[in-house]
Amino acid sequence: MEIHRRKKIEIVVESGMVPDVVEWLVAHGVKGYTTVPKVSGFGRQGRRQTEEISRVFENTLVIAIAPEETARLILIESVERLRDYAAIVYLSDVEVARPDHF
Amino acid sequence: MEIHRRKKIEIVVESGMVPDVVEWLVAHGVKGYTTVPKVSGFGRQGRRQTEEISRVFENTLVIAIAPEETARLILIESVERLRDYAAIVYLSDVEVARPDHF
Amino acid sequence: MEIHRRKKIEIVVESGMVPDVVEWLVAHGVKGYTTVPKVSGFGRQGRRQTEEISRVFENTLVIAIAPEETARLILIESVERLRDYAAIVYLSDVEVARPDHF
Amino acid sequence: MGEILSLAGANLLSPMVLCFVLGAVAALIRSDLEIPEAVAKGLAIYLMLAIGMKGGLALAKTGGGNVAASLAMAIVLSFSLPVLAYAVLRAVRALGPVDAAAVSAHYGSVSIVTFVTAVEFLAARGTPYDGILVAMMAAMETPAIVTGLFLASRSLGASAVKRPQRRAKLLREVLANGSIVVLVGGFVIGWAVGPSGMKKVEPFMVDIYNGMLCLFLLDMGLVAMRQLRSSHDLTVRLIVFALVMPLLNAAIGFAAARLLGFGLGGTALLATLCASASYIAVPAAMRLALPQARPGIYVTLSLGVTFPFNVAIGIPLYFAIAERLAG
Amino acid sequence: MGEILSLAGANLLSPMVLCFVLGAVAALIRSDLEIPEAVAKGLAIYLMLAIGMKGGLALAKTGGGNVAASLAMAIVLSFSLPVLAYAVLRAVRALGPVDAAAVSAHYGSVSIVTFVTAVEFLAARGTPYDGILVAMMAAMETPAIVTGLFLASRSLGASAVKRPQRRAKLLREVLANGSIVVLVGGFVIGWAVGPSGMKKVEPFMVDIYNGMLCLFLLDMGLVAMRQLRSSHDLTVRLIVFALVMPLLNAAIGFAAARLLGFGLGGTALLATLCASASYIAVPAAMRLALPQARPGIYVTLSLGVTFPFNVAIGIPLYFAIAERLAG
Amino acid sequence: MGEILSLAGANLLSPMVLCFVLGAVAALIRSDLEIPEAVAKGLAIYLMLAIGMKGGLALAKTGGGNVAASLAMAIVLSFSLPVLAYAVLRAVRALGPVDAAAVSAHYGSVSIVTFVTAVEFLAARGTPYDGILVAMMAAMETPAIVTGLFLASRSLGASAVKRPQRRAKLLREVLANGSIVVLVGGFVIGWAVGPSGMKKVEPFMVDIYNGMLCLFLLDMGLVAMRQLRSSHDLTVRLIVFALVMPLLNAAIGFAAARLLGFGLGGTALLATLCASASYIAVPAAMRLALPQARPGIYVTLSLGVTFPFNVAIGIPLYFAIAERLAG
Ligand SMILES: Nc1ncnc2c1ncn2[C@@H]1O[C@H](COP(=O)(O)O)[C@@H](O)[C@H]1O
Ligand SMILES: Nc1ncnc2c1ncn2[C@@H]1O[C@H](COP(=O)(O)O)[C@@H](O)[C@H]1O
Ligand SMILES: Nc1ncnc2c1ncn2[C@@H]1O[C@H](COP(=O)(O)O)[C@@H](O)[C@H]1O
Ligand code: NA
Ligand code: NA
Ligand code: NA
């Protein structure tokens, strides 16, 4: 069986933005995504942590496996698109067995 | 100190299948695994999301660090084994310091 | 836009140690981190799983993107620092767009 | 007919049913209202424990009657009801054999929340019921799964119903599933401690019960309507099935109640059990043992169509018919 | 003055307010005490449903009065109060225009928990209030958001208030947000089922209400104090604003209550609504529509300063003033 | 003996203890029953707040007595009980020094749920107790940790008990841990608001208390039995230790109660406190400060063996002995 290379896009972003982020990924032709809710963190915007009365300080981790070009495009667009929000984006290499799925 | 290369296997799978998946990983000699519960997602089977009355639409992320050959074997077997279920599998490279642990 | 290489440090560790681990990462100049709480797992210390009355058997996944040297140093120090605790550490390569953030 | 409408109207004006409607409306207008999963599960365990205890206490008070016959009847009903549902689905060509088998298992099993709402309906009218009904509900939860898997294996070949050792495991799991354990456990506790023991927990298990049910039905309304909205596989034929099948099964329930010599309360409840469809235990079992069947169909029919129908219309209807039969 | 102090003292000696203080103390001494998020959300939904039902029941009992006028007044207040807050903040140069606009939206909207605590305060004194106040609270929750965004867009240019189609979506979302749906839904249910229907859920919705409020205020004390501790952006000027603004808004509330001809209970509650600041719905909306504004400021002011002030001192104070005005 | 058996039988027939048994049975038959963690934590906080308030109210009603002496005794007991446990474990060669030190800290501290169940046992028999017992429980929670760490450091060398600045932090954390804060806070609130204030929250804090305890003990039964099942490190010697140690500690408790001049209720409760072993606060502290000790041993002994023993047999036993001593 052949093994195929794809990129994994990971985005840690404030939870309120997840619907937006997901819409944006899908608009780029991403075929699927996974979200890990109630993630805490620390970054330029200070401590952000779940168990809050509002979701204003809660993060979500969004994961999407996609072709390399799509991933790069998303990384580049993210700089502008997520500038004002609590968010980071990074890519890494992954191997998959079913290329039609990603 | 020397640094050693291993593969990270990541499996997003419907939560009901986790006991099966874990048994299968261990049968391949994997020495440990980590599971992230209540993960949401979207894929060929449509939207799958937690906060449901049954766990039928809930996903879990399973992570295992293992030697390269084990990881490849698992990736290949996964195609047949998880065909009928909501699931994706992908591999990536990682570096570890304690080779006996993985 | 230029793309920059960083290392992703991932640490699965018993939840009670997270404040310690995070302090240690920040002491190494890491500019941010993300924690995924209530993660289950299996390893040398046996089955560790959330939904417990105490947090003694609960794991957390800590993620930090950092420069390569920092990451290697943390990996090496981890062997001594986390020896007595339930914990694993591994590194992988990631690409980011905003080098000043990591 | 007039009586049925007035019963349905009165039913709709209870705070419990209106909370269900509120949840459904919230989902319809795409509100972000969310009952945390942990709270919903906590409420479900509370309701099962309380209904179990009440049933056990009722049995302790009224004495046995035909306990063995009632339980045997419950098991027979659960084993056989799926055959009817399967036959209907295949006859009207609503689904292929595997999906039809999966759906049929749901209609042979029961919905605990529907039962709990029906008990509340009886209580509001001061109608007593036999405690054994609670045990019958527990007995009806799982046999239907076996029939459903059997129906599927006829068309798939037994091997395709996933690995045999998995099936053994599955059966064990289903028999020890949380709802049954809490229901049966509560039942035994209620029976064992009797009225004086139950007195100690009455404010919690009895007095605030209706209010807890309000919160839980609010969540169920949300979940049922969201399921209905997100579904893409529904056809008119399937929706009609999910509205008519409860009536057919209720008719069988009436006959069984007559055989067992039940009074008004027991008759209405047994019809409700037959008419209701599982949306917790059975979907989980089907998903693992019969992954080829589409959960978007079986969960939507039982949770999105049959459940609301029973809560709003079915329960008062079965009660009205039971009154005629008893009268 | 003596009377105010004694009212404040009595208020502080209620178990509910003391639980709030306990939460705050726990956060102060850096205790690891944690009310699980799911439990806190469940409690919040319970409180909103119960307060909604109580309001609807009160309306059913006492009849309409000037319902339309009251609701219109609520909407006008929520639209206009942010303008005053914005003017004050800019006049004293406490914040730049975008942060000031975001903060002002919070003070035009309302805090449900503050209202709920005030209702409890009235109940302990046997003071009745008009059910319509609950509906007014629901009506006051969102208009302030529109004003806040408008004030921000004046300085940012309309384009910078994030994408227009997002804004439409935002408005729809805010109108169907969970709190409003449960409040209004509970209100309609309480009104529709009337005293006999409410009787069924009274042990849950009324009898244990104070106790549930204790647990919730324990959590709110924790959350408010932790927010205050973790904040780095506060200035003395901002803290003074968060203590004085409630008084200004309460004054406007008294005037509005007089216009509507409210009695003692209604007057005290309307003043409380005006004086309170949102820390759930408005922060979420501001964060998405106005990401340039700092949540560390607006959440801290409303949740960390104004909310504790109102719970401990504001509510008895507004009540005492309402007594004078009514007397 | 006959009386003890009948007390134990009556104890086992309370719905609360039967719920504990139900949880244990569910775990034994490997049911998937699961009380969500958030609900269990919410219930725990409720129980601690309610028991604290009840204790404070009891103190307000009955007046002080020898408050200072009682608290001093509690602290002395907690500091010294681990020494006995450690000596026993080392004498019978059941464990190495580090594991023995960790286990001993658990037996010097207390289990809140055991105490709460014992209070319920007294209430069912109409036996009053002194409110100060609640404060004694809070005082006994942490000193044992210090003794345990000291015993370990003797064999490890002080340096191996993890970094000294960590130890300081640890102590501060333990003193401000959630259970203590809620217990002491509830105690002070109950004392401060007195009977008239407590009246407002009675339906929640008193009336439904037993029922909430049912749900919580259901979960504790599950958790205790699962812990017991999953353990691989247990030996017969250790199990015997976990059954005998409570009796030894209870004997010391009886002596202490006599010194303090306690009545029947207080004597039974102080023996229960001494006999119980911590499975929340102490394991967390040991895990961080003494990672070389195996949690599979200390959690299993205190939670899986001693806790069920006390709930089912210990509490009625200590009560029967207290009756003899008082009589
Ligand atoms: N270097 C980093 N490594 C891992 N996660 C990070 C890092 N920096 C930021 N994050 C995460 O991204 C969120 C938003 O980051 P920021 O926008 O910098 O506040 C934080 O709350 C963290 O969860
Ligand atoms: N391209 C993708 N990237 C990340 N996660 C995915 C992707 N495709 C599917 N998933 C996840 O895998 C689950 C099962 O996928 P599927 O079997 O395609 O429905 C989905 O619910 C998602 O959580
Ligand atoms: N090979 C592995 N792959 C993924 N996660 C692991 C692995 N080994 C251990 N872990 C995780 O790390 C935790 C601590 O491991 P250990 O210290 O080996 O007990 C476990 O509970 C797992 O969550
Ligand atoms: Na049925
Ligand atoms: Na306001
Ligand atoms: Na003890």
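Every value quoted in this text rests on a predicted model; they were computed, and no experiment measured them.

Here is what the cut-offs are and how they apply
- Residues numbered from 1 in each chain as written.
- Chains lettered and ligands numbered in written order.
- Predicted model: local features only at pLDDT ≥ 70, side-chain atom pairs only at ≥ 80, totals over all residues.
- Heavy atoms only, no water.
- Helix = DSSP H or I, 4+ residues; strand = E, 2+ residues; numbered from the N terminus.
- Rg over C-alpha atoms; globule rule 2.2 N^0.38 Å.
- Buried < 20%, exposed > 50% of the residue type's maximum accessible area, 1.4 Å probe, protein only.
- Areas by Shrake-Rupley, 256 points an atom, 1.4 Å probe, with all protein chains shown as cover.
- Near = heavy atom within 4 Å.
- Polar contact = N/O pair within 3.5 Å; in protein donor to acceptor, adjacent residues only side chain to side chain.
- Nonpolar A, V, L, I, M, F, W, Y, C, P; charged D, E, K, R; others polar.
- Expected span 1.5 Å × (residues − 1).
- Least-squares fit on C-alpha atoms with pLDDT ≥ 70 in both.
- Contact = heavy atoms within 4.5 Å.
- Buried area = accessible area lost by both parts, 1.4 Å probe.
- Salt bridge = Lys/Arg side-chain N within 4 Å of Asp/Glu carboxyl O.
- Core = buried A, V, L, I, M, F, W, Y, C linked by side-chain atoms within 4.5 Å.
- Donors = N, O, S within 2.8 Å, 3.2 Å for Na, K, Ca; no water.
- Pairing = 2+ DSSP bridges.
- pLDDT = per-residue confidence, 0-100.
- Axes fitted to C-alpha atoms, helices over the stretch in contact; angles between N-to-C directions.
- Left-handed = near helix turned anticlockwise from the far one by under 90°.
- Phe/Tyr/Trp six-rings, centres within 6.5 Å; stacked < 30°, edge-to-face > 60°.
- Lys NZ or Arg CZ within 6 Å of the ring centre and 35° of its normal.
- Patch = residues over 30% accessible without salt bridge, like charges linked within 9 Å, V, L, I, M, F, W, Y side chains within 5 Å.

(A) Geometry of the overall build of chain D. For chain D, the helix and strand inventory stands at 16 helices and zero strands. Compactness check: chain D gives a C-alpha radius of gyration of 19 Å against a globular reference of 20 Å for 327 residues, within 12% of the reference. Structurally, chain D occupies a C-alpha span of about 55 × 45 × 40 Å along its principal axes. Burial statistics for chain D: of 327 residues in total, 64% are counted as buried. For chain D, the accessible surface area stands at approximately 10800 Å², while carbon and sulfur atoms represent 68% of it.

(B) The site of ligand 3, seen in detail. Neighbouring residues of ligand 3: 19 residues in total, closest Thr34 and Ile65 of chain B together with Arg44, Gln45 and Asn59 of chain C. Nearby residues around ligand 3 are contributed by chains B and C. Take glycine 32 of chain B: an N or O atom from its main chain is 3.3 Å from a nitrogen atom of ligand 3. For the shell around ligand 3, the leading source of residues is strand β2 (residues 33–43) of chain C, giving four residues. Its residues assigned to classes, the shell around ligand 3 shows ten nonpolar, seven polar and two charged.

(C) Fine view of helix α8 (residues 143–156) of chain E. Residue and element names in this part refer to chain E. When the terminal C-alpha atoms of α8 are compared, their 20 Å separation across 14 residues agrees well with the 20 Å that a helix rising 1.5 Å per residue should span. Among all positions of α8, only Pro143, Ala144, Ile145, Thr147, Gly148, Leu149, Leu151, Ala152 and Ser153 are buried. Downstream of α8 by one or two residues, glycine 157 has phi in the positive range, about 85°.

(D) Up close: the relation of the copies chain E and chain D. Each copy of the sequence occupies a distinct position, and chain E is placed on chain D by a rotation of 120° and an axial shift of 0.0 Å, giving an RMSD of 0.0 Å. Expressed as a symmetry operation, the mapping of one chain copy onto the other fits a three-fold axis. An overlap of only 12% is found between the interface residues of chain E and their copies at the interface of chain D, pointing to separate contact surfaces.

(E) Quick peek at the site of ligand 2. Inspection of the region around ligand 2 gives 19 residues, with Thr34 and Ile65 of chain A together with Arg44, Gln45 and Asn59 of chain B positioned closest. Among the chains of the assembly, those with residues near ligand 2 are chains A and B. Within the side chain of arginine 44 of chain B, one N or O atom sits 2.5 Å away from an oxygen atom of ligand 2. Isolated, ligand 2 exposes 480 Å² of accessible area, and the fraction of that covered by the protein chains is 98%. Elements represented by at least two residues in the shell around ligand 2 include exactly β2 (33–43) and β4 (59–66) of chain A together with β2 (33–43) and β5 (87–96) of chain B. A per-element tally of the shell around ligand 2 places β2 of chain B first, with four residues.

(F) Looking closely at the interface of chain F and chain E. Taken together, the 26 residues of chain F in the interface contact 27 residues of chain E. Between chain F and chain E lies a buried interface of about 2000 Å² when both sides are counted; carbon and sulfur atoms form 83% of it. Of all residues in chain F, the largest losses of buried area upon contact with chain E belong to Ile45, Lys200 and Phe204 of chain F, amounting jointly to 28% of the total for that side. Our enumeration of links across chain F and chain E arrives at zero salt bridges. Applying the counting rule to chain F against chain E returns three residue pairs in polar contact (both at pLDDT 80 or more). The set of elements that each furnish at least two residues to the side of chain F that touches chain E consists of α3 (37–62) and α10 (178–207) of chain F. Here the side of chain F that touches chain E gets 14 residues from one element, more than from any other, and that element is α10 of chain F.

(G) Here's a closer look at the nonpolar core. Leu270 of chain D, Leu270 of chain E together with Leu270 of chain F are the most contacted members of the largest nonpolar core, which totals 430 residues. Counting 33 residues, the second-largest nonpolar core is a separate cluster that includes Val39 and Ile65 of chain A together with Val12 and Ile88 of chain B.

(H) Geometry of helix α14 (residues 264–275) of chain E. All names here are of chain E. Helix length check: α14, at twelve residues, gives a terminal C-alpha distance of 17 Å against a target of 16 Å (1.5 Å per residue), a fit within 8%. Burial runs high along α14: eleven of the twelve residues are buried. Within α14, the full set of buried residues consists of Gly265, Gly266, Thr267, Ala268, Leu269, Leu270, Ala271, Thr272, Leu273, Cys274 and Ala275. In the core, the buried residues of α14 are packed alongside α4 (67–91), α5 (97–108), α6 (112–124), α7 (132–140), α13 (236–260) and α16 (295–326).

(I) Molecular detail of the pattern of salt bridges. By the definition in use, this model includes 45 salt bridges over all chains. The residue glutamate 95 of chain A makes a salt bridge to lysine 7 of chain B at a minimum N-O spacing of 3.3 Å. Placement of the pair is glutamate 95 of chain A in strand β5 (residues 87–96) and lysine 7 of chain B in strand β1 (residues 4–14), with the two residues belonging to separate chains. Residue glutamate 95 of chain A is classed as buried on the basis of its relative accessible area of 9%. For lysine 7 of chain B, a relative accessible area of 3% puts it in the buried group. Here lysine 7 of chain B and aspartate 93 of chain B are joined by a salt bridge, their closest N and O atoms 2.7 Å apart. Of this pair, lysine 7 of chain B sits in strand β1 while aspartate 93 of chain B sits in strand β5, placing them 86 residues apart in sequence.

(J) Spatial organisation of the relation of the copies chain F and chain E. Placing chain F over chain E gives an RMSD of 0.0 Å and needs a rotation angle of 120°, together with 0.0 Å of translation along the axis. Taken together, the interface assignments show that only 12% of the residues at the interface of chain F recur at the interface of chain E, consistent with different surfaces on the two copies.

(K) Up close: the coordination of the sodium ion (ligand 6). All names here are of chain F. Only Tyr107 (O), Ser109 (O), Leu273 (O), Cys274 (O) and Ser276 (O) from the protein reach the sodium ion (ligand 6) as donors, at distances of 2.3 to 3.0 Å. For the sodium ion (ligand 6), the donor residues sit on a single chain with the sequence spacing Y-x1-S-x163-L-C-x1-S. Neither residue differs from the other here; leucine 273 and cysteine 274 are each classed as buried.

(L) Quick peek at the coordination of the sodium ion (ligand 5). Residue and element names in this part refer to chain E. Distances from the sodium ion (ligand 5) to its protein donors, namely Tyr107 (O), Ser109 (O), Leu273 (O), Cys274 (O) and Ser276 (O), fall within the range 2.3 to 3.0 Å. When the donor residues of the sodium ion (ligand 5) are listed from N- to C-terminus, their spacing reads Y-x1-S-x163-L-C-x1-S. Linking serine 109 in the loop between α5 and α6 with serine 276 in the loop between α14 and α15 (281–289), this pair joins segments that are 167 residues apart in sequence.

(M) The interface of chain E and chain D, seen in detail. Across the contact, 26 residues belong to chain E and 27 residues belong to chain D. For chain E, the biggest contributors to the area lost against chain D are Ile45, Lys200 and Phe204 of chain E; these three give 28% of the whole. In this structure, the connection of chain E to chain D is made through zero salt bridges. Counting across the interface, chain E meets chain D through three residue pairs in polar contact (both at pLDDT 80 or more). Top element by residues in the side of chain E that touches chain D is helix α10 (residues 178–199) of chain E. It accounts for nine residues.

(N) Region of the structure containing the pairing of β1 of chain B. All names here are of chain B. The buried count for β1 comes to nine of eleven residues, which makes it a mostly enclosed element. Across eight bridges, the pairing between β1 and strand β4 (residues 59–66) is antiparallel. For glutamate 14, the partnering residue across the bridge sits in β4 and is asparagine 59.

(O) Structural view of the confidence of the model for chain D. On average, residues of chain D score 92 in pLDDT, and 96% of them reach the 70 mark or higher. This prediction of the complex comes with two scores: 0.95 for pTM and 0.94 for ipTM.

(P) Quick look at the packing of α4 of chain E against α8 of chain E. All names here are of chain E. The contact between α4 and α8 brings their axes to 7 Å, and the two run at 35°. With respect to the hand of their crossing, α4 and α8 are arranged in right-handed fashion. Each of Ile75, Ser78, Phe79, Pro82, Val83 and Tyr86 in α4 lies in contact with α8, whose residues at this interface are Pro143, Ala144, Val146, Thr147, Leu151 and Arg154. Counted by class, the contact of α4 with α8 contains nine nonpolar, two polar and one charged residues.

(Q) Quick peek at the arrangement of the chains. One thing to see here is that chain A and chain D don't touch, and their nearest C-alpha atoms sit 12 Å from each other. Chain A shows no contact with chain F. Their nearest C-alpha atoms sit 11 Å apart.

(R) Molecular detail of the packing of aromatic side chains. On inspection of all chains with the given rule, the structure shows 21 aromatic pairs over all chains. Arranged with centres 5.3 Å apart and planes meeting at 80°, the rings of phenylalanine 20 of chain F and phenylalanine 307 of chain F form a pair that is edge-to-face. Of this pair, phenylalanine 20 of chain F sits in helix α2 (residues 15–28) while phenylalanine 307 of chain F is found in helix α15 (residues 295–326), placing the two residues 287 residues apart along the sequence. Here phenylalanine 20 of chain F and phenylalanine 307 of chain F have matching classes, each one buried. Ring-pair connections join several aromatic residues into one group, and the members of that group are Phe20, Tyr279 and Phe307 of chain D. We note lysine 54 of chain D situated over the ring of tyrosine 209 of chain D; from NZ or CZ to the ring centre the distance is 3.4 Å.

(S) Representation of a nonpolar patch on the surface within the structure. Residues and elements named next belong to chain E. Residues Leu84, Val236, Ile239, Val240, Leu243, Val244, Leu248 and Ile252 make up a contiguous nonpolar surface patch of about 580 Å² in total accessible area. Considering each element in turn, the nonpolar patch owes the most residues, seven residues, to α13. Following the sequence through the fold, leucine 84 ends up in helix α4.

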